[in-house]
Amino acid sequence: MLVGRMREFGTTVFAEMTALAVRTGAINLGQGFPDEDGPAAMLDRAVAAIRGGLNQYPPGPGVPELRQAVADHQKLRYGLAYDPDTEILVTVGATEAITASVLALCEPGAEVIVFEPYYDSYPAAIAMAGATRRAVPLRVDAGRFTFDPAELAAAVTPKTGAIIVNSPHNPTGTVFTPQELAAIAALCREHDLIAITDEVYEHLTYDGVRHTPLATLPGMRERTVTVSSAGKTFSATGWKVGWICATPELITAVQTVKQFLTFTCSAPYQLAVAHALRHELDWVATLRDTLQGKRDRLMTGLAAAGFEVLKPSGTYFVQTDIRPLGHTDGLEFTRRLPELAGVVAIPTQVFYDHQDDARRYVRFAFCKKDEVIDKAVARLRALG
Ligand SMILES: *Cc1c(COP(=O)(O)O)cnc(C)c1O
């Protein structure tokens, strides 16, 4: 039944691995959602908004309070000024923001550059638009995933319309350095490309590493669609409140598509997120420190279990190389891991078009309670 252009997107690996966890009772370190709630005052705001009667369609571009809060956040944190009336659009999570942007800005037949491993919604969004993806690999160099600027430059063709840039990067945990961002920006300026950035982990960076929005680089504000969302920042992945910051021309284009996808996003959650962006960034700083501790806890345990562990500078995820354990194929390994050790993880290779070098990598999530991490680690020791 399914149309041809969507046929490669069957059941996701997350569905497969979560079903495997449920069936076997394994600990799920596969899917990246936190197992603790966001700030209490934010939750109270959502309840109060519902009880207070804010239950009808909000304005299409988003409630004014949230658009203003996003504008203030971008200005205070990054020095980026956006007009909340014409340059900010609230979306149903970052997922809709990215899909609507690709649908609005990429013609059928255009090429869209993505870094691989990629977030799984990008290839699907590109396919929905009738465009084609061009994947540029991130490879491990000096203990972190990075790209070769020459390889990136070689991926640009006369058909290239846009590049999707995710930093902090899921699933590798890489936070692009100012030099890496400068190489991307130079290419965008030279070839007149639109950049769609996915910055959902903007607050979740470790060891003092700071996130830099691509839009802050010279010549980039006018060609960048900056996307973020509340899900990861406020541990509310089920709320699906996201936003876009861009020029009025770009926002108008994306909104033209967005209004027919979902029209608008849930009103009470928008108000709660507006509160959180203004008043809960201290809570987020504590979350970040807590997550850094969880990262270290999981890394130590994985290393003791015999994995080669790559240290992430951001996100919820640790990448491991399984070859020291005598395995070479992550897909095969993760399918057997519940039976071998009672743990579920994600094979990184499924997020690559060019899988060969990637077969060795397996992703574990650390956004879990300490006792869950400890129990998983104790089980994984059995592998050695
Ligand atoms: C979680 C995640 C998203 C989805 O964000 P929503 O706001 O839930 O739609 C998008 N991109 C990346 C890289 C993610 O990890």
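What counts and how
- Residues numbered from 1 in each chain as written.
- Predicted model: local features only at pLDDT ≥ 70, side-chain atom pairs only at ≥ 80, totals over all residues.
- Heavy atoms only, no water.
- Salt bridge = Lys/Arg side-chain N within 4 Å of Asp/Glu carboxyl O.
- Helix = DSSP H or I, 4+ residues; strand = E, 2+ residues; numbered from the N terminus.
- Axes fitted to C-alpha atoms, helices over the stretch in contact; angles between N-to-C directions.
- Parallel < 35°, antiparallel > 145°, perpendicular 65-115°, else oblique.
- Left-handed = near helix turned anticlockwise from the far one by under 90°.
- Contact = heavy atoms within 4.5 Å.
- Nonpolar A, V, L, I, M, F, W, Y, C, P; charged D, E, K, R; others polar.
- Buried < 20%, exposed > 50% of the residue type's maximum accessible area, 1.4 Å probe, protein only.
- Pairing = 2+ DSSP bridges.
- Right-handed = clockwise from strand over helix to strand, strands pointing away.
- Near = heavy atom within 4 Å.
- Polar contact = N/O pair within 3.5 Å; in protein donor to acceptor, adjacent residues only side chain to side chain.
- Areas by Shrake-Rupley, 256 points an atom, 1.4 Å probe, with all protein chains shown as cover.

Visitor: A description of the pattern of salt bridges should follow, citing residues and the corresponding values.
Guide: All chains considered together, the criterion is met by 21 salt bridges. A salt bridge links Arg134 to Glu111, with the nearest nitrogen and oxygen atoms 3.4 Å apart. Note that Arg134 is positioned in strand β4 (residues 132-137) and Glu111 in strand β3 (residues 111-116), a separation of 23 residues in sequence. The residue Asp370 makes a salt bridge to Lys294 at a minimum N-O spacing of 3.0 Å.

Visitor: Break down the packing of helix α4 (residues 93-105) against helix α9 (residues 248-261) for me, citing the residues and quoting the values.
Guide: Closest axis-to-axis distance for the α4/α9 pair is 8 Å, and the angle between their directions is 110°. Considered as vectors, α4 and α9 are oriented roughly perpendicular to each other. Along this stretch, α4 crosses α9, giving a crossing that reads as right-handed. Two secondary-structure elements touch here, α4 through Glu96, Ala100, Ser101, Leu103, Ala104 and Leu105 and α9 through Leu250, Ala253, Val254, Val257, Lys258 and Leu261. Taken together, the residues of the contact of α4 with α9 break down into nine nonpolar, one polar and two charged.

Visitor: Give a description of the pairing of β3 that names residues and reports values.
Guide: Most of β3 is tucked away, with six of its six residues classed as buried. Alternating residues of β3 divide into Glu111, Ile113 and Phe115 and Val112, Val114 and Glu116, and every residue in both groups is buried. Across six bridges, the pairing between β3 and β4 is parallel. Along β4, the bridge assignment pairs Val114 with Ala135. The parallel pair β3 and β4 is bridged by helix α5 (residues 121-128), and the resulting crossover is right-handed. Where β3 and strand β7 (residues 160-166) come together, four bridges link them in parallel fashion. Bridge pairing in β7 places Ile113 opposite Ile163.

Visitor: Give me the lowdown on the site of the ligand, citing residues and values where you can.
Guide: Residues in contact with the ligand, as listed here, are Gly93, Ala94, Thr95, Tyr119, Asn166, Asn170, Asp198, Val200, Tyr201, Ser229, Lys232 and Lys240. The contact in question runs from an oxygen atom of the ligand to an N or O atom on the side chain of Asn170, over 2.9 Å. The contact in question runs from an oxygen atom of the ligand to an N or O atom on the side chain of Lys232, over 2.9 Å. A total of 390 Å² of accessible area belongs to the ligand in isolation, and the protein chains cover 93% of it. Here the shell around the ligand gets three residues from one element, more than from any other, and that element is α4.

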